[in-house]
Amino acid sequence: MCHQNSCPSVTVEEDVAAEECLLVYCKPVELYNILQRRAQQNPSFLPRCLNYKIEAKWKTGYKEISCPFCLMRCGSFKATEEYKAINVSVKTDALHSEGSAGVIETYLQPFGYCSRPRKRKRPEDPLEKGKYVYPHVLESALPALATESIEGEKDPSTCQVSHNPRTGEYCSSYENGNANGMDHVATNSNPGLPVARAQSLEDIDYAQSTWPDKNVTLPPAAKSRKLSSERSESRSSTLLQKRQFYHSHRAQPMALEQVLSDRDSEDEVDDDIAALEDRRMLDDFVDVTKDEKQLMHLWNSFVKKQRVLADGHVPWACEAFLRVHGKLLVQSPALFWCWRLFMVKLWNHGLLDASTMNNCSIIIEKHQDEASTNAKLAITNECEL
Amino acid sequence: MARIPVGCEPVVGSLNTPKKKDYKVTNRLQEGKRPIYAVVFNFIDSRFYNVFATVGGNRVTVYRCLEGGTIAVLQSYIDEDKEESFYTVTWACDIDRTPFIVAGGSNGVIRVIDAANEKLHKSYVGHGDSINEIKTQSLKPSLIVSACKDESVRLWNVHTGICILIFAGAGGHRNEVLSVDFHPSDINRIASCGMDNTIKIWSMKEFWTYVEKSFTWTDLPSKFPTKYVQFPIFIASVHTNYVDCTRWLGDFVLSKSVDNEIVLWEPIMREQSPCEGSVDILQKYPVPDCDIWFIKFSCDFHYYAAAAGNREGRIYVWELQSCPPVLIAKLSHPYSKSPIRQTAMSFDGSTILACCEDGTIWRWDMVSS
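Residues numbered from 1 in each chain as written. Chains lettered and ligands numbered in written order. Predicted model: local features only at pLDDT ≥ 70, side-chain atom pairs only at ≥ 80, totals over all residues. Heavy atoms only, no water.

**Things to note about the pattern of salt bridges**
Residues and elements named next belong to chain B.
- For the structure on display, the rule yields 17 salt bridges over all chains.
- Put simply, Asp45 and Arg97 hold a salt bridge, and the shortest N to O gap is 3.3 Å. Placement of the pair is Asp45 in the loop between strand E3 (36–41) and strand E4 (51–56) and Arg97 in the loop between strand E7 (86–93) and strand E8 (99–105), with a sequence separation of 52 residues.
- Taking relative accessible area as the criterion, Asp45 reaches 4% and is therefore assigned buried. (Salt bridge = Lys/Arg side-chain N within 4 Å of Asp/Glu carboxyl O. Helix = DSSP H or I, 4+ residues; strand = E, 2+ residues; numbered from the N terminus. Buried < 20%, exposed > 50% of the residue type's maximum accessible area, 1.4 Å probe, protein only.)

**Here's the deal with the nonpolar core**
- Grouped together as the largest cluster of nonpolar side chains are 24 residues, with contacts concentrated most on Leu295(A), Trp299(A), Cys318(A), Phe321(A), Leu322(A), Leu329(A) and Trp339(A).
- The set of elements that each furnish at least two residues to this core consists of helix H13 (290–306), helix H14 (314–331), helix H15 (333–348) and helix H16 (354–384) of chain A.
- Per element, the largest residue contribution to this core is eight residues, and it comes from H14(A).
- Leave out the neighbours within four places in its chain, and Phe321(A) touches Leu295(A), Leu298(A), Trp299(A), Phe302(A), Gly326(A), Leu329(A) and Trp339(A).
- Counting 23 residues, the second largest nonpolar core, distinct from the first, contains Phe167(B), Phe182(B), Trp202(B) and Met204(B). (Core = buried A, V, L, I, M, F, W, Y, C linked by side-chain atoms within 4.5 Å. Contact = heavy atoms within 4.5 Å.)

**A word on the confidence of the model for chain B**
- A residue-level look at chain B finds 96% of positions with pLDDT of 70 or above and a mean pLDDT of 92.
- Listed scores for the predicted complex are pTM 0.65 and ipTM 0.74. (pLDDT = per-residue confidence, 0-100.)

**Focus on a nonpolar patch on the surface**
Residue and element names in this part refer to chain A.
- On the surface, Met281, Phe285 and Met296 cluster together into a nonpolar patch covering about 260 Å² of accessible area.
- Inspection of the secondary structure assignment puts Met281 in helix H12 (residues 271–283).
- By relative accessible area, Met281 is classed as partly exposed at 42%. (Patch = residues over 30% accessible without salt bridge, like charges linked within 9 Å, V, L, I, M, F, W, Y side chains within 5 Å. Areas by Shrake-Rupley, 256 points an atom, 1.4 Å probe, with all protein chains shown as cover.)

**A few points about the sheet that holds strand E28 (residues 340–345) of chain B**
Residues and elements named next belong to chain B.
- Reading across from one edge, E2-E30-E29-E28 is the order of the four strands in this open sheet, with antiparallel pairing throughout. The open sheet terminates on both sides in strands that have one partner only, identified here as strand E2 (22–30) and E28. Averaged over all neighbouring strand pairs, the angle between strand axes comes to 20 degrees, with direction disregarded. (Pairing = 2+ DSSP bridges. Axes fitted to C-alpha atoms, helices over the stretch in contact; angles between N-to-C directions.)

**As for the packing of aromatic side chains**
All names here are of chain B.
- Across all of its chains, the model carries 27 aromatic pairs over all chains by this definition.
- Measuring from centroid to centroid gives 5.5 Å for Phe43 and Phe301, while their planes differ by 80 degrees, and the two rings are edge-to-face. Pair noted here: Phe43 is in the loop between E3 and E4 and Phe301 is in the loop between strand E24 (298–299) and strand E25 (305–309), with a separation of 258 residues, a long-range link.
- Judged by centre distance (5.4 Å) and plane angle (65 degrees), the rings of Phe167 and Trp202 are edge-to-face. (Phe/Tyr/Trp six-rings, centres within 6.5 Å; stacked < 30°, edge-to-face > 60°.)

**Focus on the sheet that holds strand E20 (residues 245–249) of chain B**
All names here are of chain B.
- What the five strands build is an open sheet, ordered E1-E23-E22-E21-E20; its pairing is mixed. The open sheet has two edge strands with one neighbour each: strand E1 (11–12) and E20.
- Here strand E22 (residues 261–268) runs beside strand E23 (residues 278–286); their pairing, made up of eight bridges, is antiparallel. Residue Ile262 lies in a different strand from E23, and its bridge partner there is Tyr285.

**So, unusual backbone geometry**
- In this chain, Cys323(B) is followed by Pro324(B) through a cis amide linkage whose omega measures 0 degrees.
- As for its position among the elements, Pro324(B) is in the loop between strand E26 (315–319) and strand E27 (326–331).
- The backbone phi angle of Arg307(A) is positive, close to 55 degrees, even though this residue is not glycine.
- Its location among the elements puts Arg307(A) in the loop between H13 and H14.
- One non-glycine residue with positive phi stands out, namely Asn260(B), at about 60 degrees.
- Locating Asn260(B) in the fold gives a position in the loop between strand E21 (252–256) and E22.

**Quick word on H14(A)**
Residue and element names in this part refer to chain A.
- Here H14 spans 24 Å end to end across 18 residues, near enough to the 26 Å set by a 1.5 Å rise per residue.
- By the largest-angle criterion, His325 marks the main kink of H14, which is about 70 degrees.
- Where H14 is concerned, the buried positions are Val314, Pro315, Trp316, Ala317, Cys318, Glu319, Ala320, Phe321, Leu322, His325, Gly326 and Leu329. (Expected span 1.5 Å × (residues − 1). Bend = angle between axes of the 7 residues up to and from the residue.)

**Overview of the interface of chain A and chain B**
- On the chain B side, the residues contacting the 17 residues of chain A number 18 residues.
- Buried surface at the junction of chain A and chain B, summed over both partners, amounts to about 1,400 Å²; 47% is from carbon and sulfur atoms.
- Taken together, chain A and chain B are joined by one salt bridge.
- The residue Glu206(B) makes a salt bridge to Arg280(A) at a minimum N-O spacing of 3.0 Å.
- Applying the counting criterion to the chain A and chain B interface returns seven residue pairs in polar contact (both at pLDDT 80 or more).
- Going through the elements one at a time, helix H11 (256–260) and H12 of chain A are the ones with two or more residues in the side of chain A that touches chain B.
- For the side of chain A that touches chain B, the element with the highest residue contribution is H12(A), accounting for five residues.
- In terms of residue class, the side of chain A that touches chain B is made up of seven nonpolar, four polar and six charged. (Buried area = accessible area lost by both parts, 1.4 Å probe. Polar contact = N/O pair within 3.5 Å; in protein donor to acceptor, adjacent residues only side chain to side chain. Nonpolar A, V, L, I, M, F, W, Y, C, P; charged D, E, K, R; others polar.)

**Considering the packing of H12(A) against H13(A)**
Residues and elements named next belong to chain A.
- The interhelical angle for the contact between H12 and H13, taken along N-to-C directions, is 140 degrees, at an axis separation of 10 Å. By the criterion of interaxial angle, the relationship of H12 to H13 is oblique. In the crossing of H12 with H13, the sense of the turn from one axis to the other is right-handed. For the pair H12 and H13, the contacting residues are Asp271, Ala274, Ala275, Asp278, Arg279, Met281, Leu282 and Asp283 in the first and Lys293, Met296, His297, Asn300, Lys304 and Lys305 in the second.
- Partitioning the contact of H12 with H13 into residue classes produces five nonpolar, two polar and seven charged. (Parallel < 35°, antiparallel > 145°, perpendicular 65-115°, else oblique. Left-handed = near helix turned anticlockwise from the far one by under 90°.)

Below you can see the structure in the form of structure tokens.
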């Protein structure tokens, strides 16, 4: 909108050319799409969700919300009446392409924001209101506030804010009725189109509805843009094929199939090397027994791989660790004692609660039962032989 | 700087001992106007012991040393990019003994030239900045190692074109890596040195499976699981300035900074904590007026002698394995005034080549008495 106001004599060809220039910047978007799709089908981590905890939190009035570090629901991130946890999106949804456009996963929101409830009175002056549009967006994770703001700003013609194309976007995002308020215009109005295109189309429509008398040479331009947009998808994919990509760590050129595959090994920890380095680090300790070192190594590599970062992740990590390595602990009594001591330490530091402790014991018992039945089976087999 | 206990002072060679051998200039070539940074004989293949390669500017040239001081030009390759400035060259060969010339320079691209078929074999990208030195593993001549300005050292397989290992990271160099060398007998070991004033010794023992895998890799080279080696097994602070050349002498290390001398020292590693080992400086070989960086010395095939050029265009040839060190010869010529960037000693040390900043190549031959 802005650039059309400043240079009204743009020809159709120039417009199309500018549009195609923009495509250069849209190319990497396809990569994000690949990553996004992969994250849904082939997650890097074990599912991290202690259902009973989340349920408990629900009962006590906590909101189900993702924690800002692991992007997953773990029930440990608190949202009470006094402290409101709000998700702030980096417009990842705007990067969606076809297919996934309508799907919104709250727990995949990339960042969390926590604020005290606002004591301030809401401004009455429309100009003032305009200034507050941005904070409204932040808070629109709360449905009540979001609907209020829709009432105030739904009609763009009554609102001075609409002069600004950015706030215009935000207004229409309310119109989409998305409880999140974060979902970008692009997703609903023009799925399948690259971001830049979708936005500019929106801007044009917007301009037409707000100032019908300024309806100059826009329709043909919009038409040709639509044509170019049809080409854009195939064009961006051919450009993707033409450009040389490199692996991020070792800077080796990527083959086309690697670019298009949904596997991106470079953001994963190299397990072999991480294990090697962890062992080497532990070898430096002189006052630690072999079993303790082994348990440390198992725990360290588990924690590293699953990205256990916050205190709140520890209960989940304990249970998941036992599910993965429980068999090993049951087989070796020395290792098992190390684990017990470790649990006591966690308890002393207030990182474990009774229910997790109980669950861990149940998991271990299960493993023990399995081990003993297996042993019995083995013995009976031997007898039969 | 390593502390030296009483009675363990390094032995310094004397510059005033009578010369053991006589060398005289037998040829002088002007290759071009641009400086020649590297000259190297082919010690990889016994058929080509008298063949050497030089790099300067965007050009790689192959010569043959003939009897009577003549030098024949065999091949010359020019990089497409006029801005390219090659800094280093080495000989390597494929599994079927095809001789390769491997050159690298300011563009950070390693060019592998198939000298038998006179064509570019492959180009390896991956380094983020200019390449300062490339060396060949003589026990497995299709392995090369490159030292780069991007603070990393990479191990490549020229047979399959795979970047096998990257020596960089938490324990790696903290500035440009200027020189690197393979251990002559221990295939797992390399030494590297650079502008962070240290010499680091790396071991690829734990990563050797990947080296073996690189020979049988049939998939795309870029799919190879390249590994990072983050921690050297030894870090030595022998010098207080840029270390621009390092060579193994058995299990000892020769290294050179800008202090007018080559230092021979022994890395003494501790079993328990390898990085905290100490350095025992054994001998020093003075090279006067050698106080600018990027001057590389070279040795003959058996490491009997080392030849180092200096800023004034003179060459000092030292007997390496005697104690105290013996100066074999001091080579000077009234027209040789330009800094000598690198020397090359022939297989038996009878010919010494020097490449200079002014684009000349000097050939010195031993005078038999």
